[in-house]
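Structural characterization, general
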Amino acid sequence: MKNNPIVAIVGAIGAFTVAIVFMFTIFARPYLWPALPATVGVLALMGVIMGFLAKAKKDYNNRSSNDEE
């Protein structure tokens, strides 16, 4: 799990989500509930896509390194 890119993506997306919610809470309280679900939804979708691409790249790298042996 130490070098797992999916765990790193989850941590980064989670940190960005907390930071954005914090900023909305401080500076844009009236717009919090209309904008927050869309913002968090887009971040979650971005995380899913990035996780898929990271897994595909990891699988491709493992396959190509096994072919050389």
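For the structure, see preceding data.
Residues numbered from 1 in each chain as written. Predicted model: local features only at pLDDT ≥ 70, side-chain atom pairs only at ≥ 80, totals over all residues. Heavy atoms only, no water.

A look at the overall build of the protein chain
Scanning the protein chain for helices and strands turns up two helices and zero strands. Within the protein chain, the fraction of its 69 residues that count as buried is 17%. For the protein chain, the computed accessible surface area is about 5,600 Å², with 72% contributed by carbon and sulfur atoms. (Helix = DSSP H or I, 4+ residues; strand = E, 2+ residues; numbered from the N terminus. Buried < 20%, exposed > 50% of the residue type's maximum accessible area, 1.4 Å probe, protein only. Areas by Shrake-Rupley, 256 points an atom, 1.4 Å probe, with all protein chains shown as cover.)

A word on a nonpolar patch on the surface
There is a patch of nonpolar side chains on the surface, built from F22, M23, I26 and F27 and spanning about 470 Å² of accessible area. Within the secondary structure, F22 sits in helix α1 (residues 5–27). (Patch = residues over 30% accessible without salt bridge, like charges linked within 9 Å, V, L, I, M, F, W, Y side chains within 5 Å. Salt bridge = Lys/Arg side-chain N within 4 Å of Asp/Glu carboxyl O.)

Details of α1
Its 23 residues give α1 an end-to-end C-alpha distance of 33 Å, which sits within 8% of 33 Å, the value for a rise of 1.5 Å per residue. Two or three places before I6, at the start of α1, stands the capping residue N4, its side-chain oxygen 3.2 Å from that residue's backbone nitrogen. (Expected span 1.5 Å × (residues − 1). Polar contact = N/O pair within 3.5 Å; in protein donor to acceptor, adjacent residues only side chain to side chain.)

A short note on the side chain of T17
Here T17 shows up in helix α1. Only 2.7 Å separates the side chain of T17 from the backbone oxygen of I13, close enough to count as a polar contact. Once residues lying within four places of it in the same chain are set aside, the contact partners of T17 are V40 and L43. (Contact = heavy atoms within 4.5 Å.)

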